[in-house]
Amino acid sequence: MLKKLSLILLLFCSCIDTTAPIVIRETVTEAMVIEQEKLCPDKYEIETIEKNIHAFIDTTTVDVIKTRLKANLDYYLNNKDTIIKTLAYYEKSEDDEFKSKTKLYLPDEESYSDNENMSLKLVNNNHINYRDTVQSGTYFNQIFKERKSALETRVRNNGATVFKFETEKTIQPHYSLNFDSEKELRIMNIYYHDGTTNTTPTPIESYSFPLNSIPVDKMKHVDSLQMEFKIMYLSKIDSIHLKKNEIGVQKGPFKLLKMTDNYLEYETPDDYYPYHKGSIIEEIYYNKDGKVLDTEFSISNCSTKTIEEKYEQQLHYKKAYSEYLNSVNTKEQLFLTLKYLDLKHYNAALKETRKTKIALKGNADSFTLYLENRRDTITFLTTLKNTSPVKNLYLHELEDTTEFIDKNGKIITSIPSPINFLYSSQTQHYSEHYFYTDTEDTYKKTYYYINQEQQVVSKLPYSQMDYLTPSLLQVRENDKDGFKFLSTEKNQLLSDKTFTRSFVMRYTGEGISVHNDEGNYMLYDQNNTLITYNSGKISKIILKDML
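The present account deals with the structure reproduced in this document. (Residues numbered from 1 in each chain as written. Predicted model: local features only at pLDDT ≥ 70, side-chain atom pairs only at ≥ 80, totals over all residues. Heavy atoms only, no water.)

### Let's talk about the overall build of the protein
- A tally of helices and strands in the protein yields nine helices and 32 strands.
- When the backbone C-alpha atoms are referred to their principal axes, the protein occupies close to 95 × 65 × 50 Å.
- A total of about 29,700 Å² of accessible surface is found on the protein, and carbon and sulfur atoms cover 47% of it.
- In the protein, 69 positive and 79 negative side-chain charges are present, and the distance between their average locations comes to 1 Å. (Helix = DSSP H or I, 4+ residues; strand = E, 2+ residues; numbered from the N terminus. Areas by Shrake-Rupley, 256 points an atom, 1.4 Å probe, with all protein chains shown as cover. Lys, Arg positive; Asp, Glu negative; His and termini not counted. Charge placed at Lys NZ, Arg CZ, Asp CG, Glu CD.)

### So, the packing of helix α5 (residues 80-101) against helix α8 (residues 307-325)
- It is the contact of α5 with α8, at a shortest axis distance of 10 Å, that shows an interaxial angle of 125°. Relative to α8, α5 is oriented oblique. α5 and α8 meet at a crossing whose hand is right-handed. Mapping the contact onto sequence places K80, I83, I84, L87, A88 and E91 in α5 and I307, E308, K310, Y311, E312 and Q314 in α8.
- Split by residue class, the contact of α5 with α8 holds six nonpolar, one polar and five charged. (Axes fitted to C-alpha atoms, helices over the stretch in contact; angles between N-to-C directions. Parallel < 35°, antiparallel > 145°, perpendicular 65-115°, else oblique. Left-handed = near helix turned anticlockwise from the far one by under 90°. Contact = heavy atoms within 4.5 Å. Nonpolar A, V, L, I, M, F, W, Y, C, P; charged D, E, K, R; others polar.)

### Some points on unusual backbone geometry
- For the bond from F209 to P210, the omega torsion is 5°, close enough to zero to count as cis.
- Along the chain, the position of P210 falls in the loop between β8 (202-204) and β9 (213-216).

### Points about empty space enclosed by the protein
- Within this structure, the stated rule accounts for one cavity of 30 Å³ or more.
- For the largest cavity, the calculated volume is near 50 Å³.
- Together, L122, N124, N126, H127, N178, D180, S181, Y233 and L234 line the largest cavity.
- Of all the elements in the fold, those that place two or more residues in the lining of the largest cavity are α7 (126-135) and β10 (222-243). (1 Å grid on protein atoms, 1.4 Å probe; cavity = no way out; pocket = protein on both sides within 12 Å on 5 of 7 lines; lining within 4 Å. Points joined across faces, edges and corners; volume = space filled by probe spheres on them.)

### Details of the sheet that holds strand β27 (residues 472-477)
- Pairing is antiparallel in the open sheet, where three strands are placed in the order β26-β27-β28. At either end of the open sheet lies a strand with only one pairing partner, and these are β26 (462-469) and β28 (484-487). Neighbouring strand axes in the sheet, compared pairwise and without regard to direction, differ in orientation by 35° on average.
- When β27 meets β28, the two strands line up antiparallel, connected through four bridges. Within β28, the residue paired with Q474 across the bridge is F485. (Pairing = 2+ DSSP bridges.)

### As for the pairing of strand β2 (residues 138-145)
- For β2 and strand β18 (residues 366-386), the ladder comprises three bridges, and the chain directions are parallel. Counterpart to Y139 in the pairing with β18 is K385.
- Taken together, the six bridges between β2 and strand β3 (residues 148-153) define a ladder with antiparallel strand orientation. In the sheet register, N141 faces β3, and the bridge partner there is E152.
- The turn linking β2 back onto β3 is made up of two residues, and E146 within it adopts a positive phi angle of 50°.
- Where β2 meets strand β19 (residues 394-397), two bridges bridge the pair, whose relative direction is parallel.

### Section: the side chain of S535
- Along the polypeptide, S535 turns up in the loop between β31 (519-524) and β32 (542-545).
- Looking at S535, the relative accessible area reads 15%, which means it is buried.
- For S535, the side chain forms a polar contact with the main-chain nitrogen of T532, separated by 2.8 Å.
- Apart from residues no more than four positions distant in its own chain, S535 is found in contact with S471 and L530. (Buried < 20%, exposed > 50% of the residue type's maximum accessible area, 1.4 Å probe, protein only. Polar contact = N/O pair within 3.5 Å; in protein donor to acceptor, adjacent residues only side chain to side chain.)

### Here we look at the packing of aromatic side chains
- Tallied over the entire structure, the rule returns 20 aromatic pairs.
- For the ring pair Y76 and Y311, a centre distance of 5.8 Å and an interplane angle of 10° mean the geometry is stacked. Taken together, the residues span a long stretch of sequence, with Y76 in helix α4 (residues 62-78) and Y311 in helix α8 at a distance of 235 residues.
- You can call Y76 buried: its relative accessible area is 11%.
- On the basis of relative accessibility, which here comes to 2%, the residue Y311 falls in the buried class.
- Taken together through their ring pairs, the aromatic side chains of Y130, F209, F229 and F380 make up a single cluster.
- Residue placement shows K101 over the ring face of F297; its charged tip is 5.6 Å from the ring centre. (Phe/Tyr/Trp six-rings, centres within 6.5 Å; stacked < 30°, edge-to-face > 60°. Lys NZ or Arg CZ within 6 Å of the ring centre and 35° of its normal.)

Here you go:
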């Protein structure tokens, strides 16, 4: 597809023998651009074209661009043979790739997929199941990064994990939305901790839920957020079936061109996004026994033009860019002209026929194309809730600094370094209280403790901290040998003793044995209960001699 043409055409060139005559075309108007925008079915493509043009013209001058376009046109006029050879080389490379993969398969060499009921796979109640599970309870973690706030949803798309937040739980979302369904999202209401609400409906990118983050407008604690889902789902499909004996037969806009051994080729309309009536949703390829063959290699949207036609088309485009820009003198007019030409050429390309080439893992005998006929829409609201209650301190990550802010975004303190929270490999969770500076030298880490109640971040006198069990930390004091035990909940040493070895017993009994110069001991907690790997909260350690 002919995309980003304004950038592709701006190449330096040399060895110019003939100069194209100066031709001045009409001045591009806003109305001409609007007309091309209306013809473009992909609104995202319009945004992409605008972004690419701005990125280029903001770094150079009008005269430089006009000079490059003129030089590029002259190069094409004077080097036709070289350009055609280059185009032929790439086409031959593509053909050679398929030739190397084309073969007559023996029956035991073929590879198959399940023969699914495509009507049930593509047209079903998936959108209803998706809606019901999204509405059953959705939670998020709020993050503050680079002076922006966002909500990251808690998600497991396979529905295998149930998240528990105190007394509530959620499955998120149990049903993934069908790959071919489309959705539009809007934030309807943002409810902040202080009772204020943002009620301005705000569209957000469809990928923001569930796997990406949802942006919010203020750097303060969000209690909940109401979001609108608009789901465009397949409600009717068509199908076209072509057989090996139908070479040259056209059914609708599709024509079978080749089918030899495991290779086939067919003609299609230009395949553009977004989905529309006639879009190919699924392609199924069969051997003579009706088994579904796996695909080894394929390329779609290939040009059906000859090498000569490709050259003439590119030359035509280069002439248009050069001639339209001859009367341009300002950046504003330059942007308008490039946008008009990019859209015009993009829209023209959509009318061309294309070609799909496929090498299968078996001998082809027929194939079926499943096409979109109609989409219907459901719209619903859901409320996302914060997994965390209001806190006294929040983490705000900057490139080289970590700030701690309050619920309203006010800076309480900061550390001139990125940080990492202490990680427990046993529970596969991060500590909410202990963290360390992210330094290249592992031995130069600085450890800290967050006291949420007192809104304080304290530097700790330790050179090393590790989880011994999910409820017990083993720490080494600065410039000292041995280690002590620290609570995982509070910045509190559980014993004044220092030890040189520890061992969590799992196969020779239960408990934790420790050793120092005074002897060997077993650890007991504040209730005089033997401490094991699975012990709960520990506020005190009692030593008892090992028997």
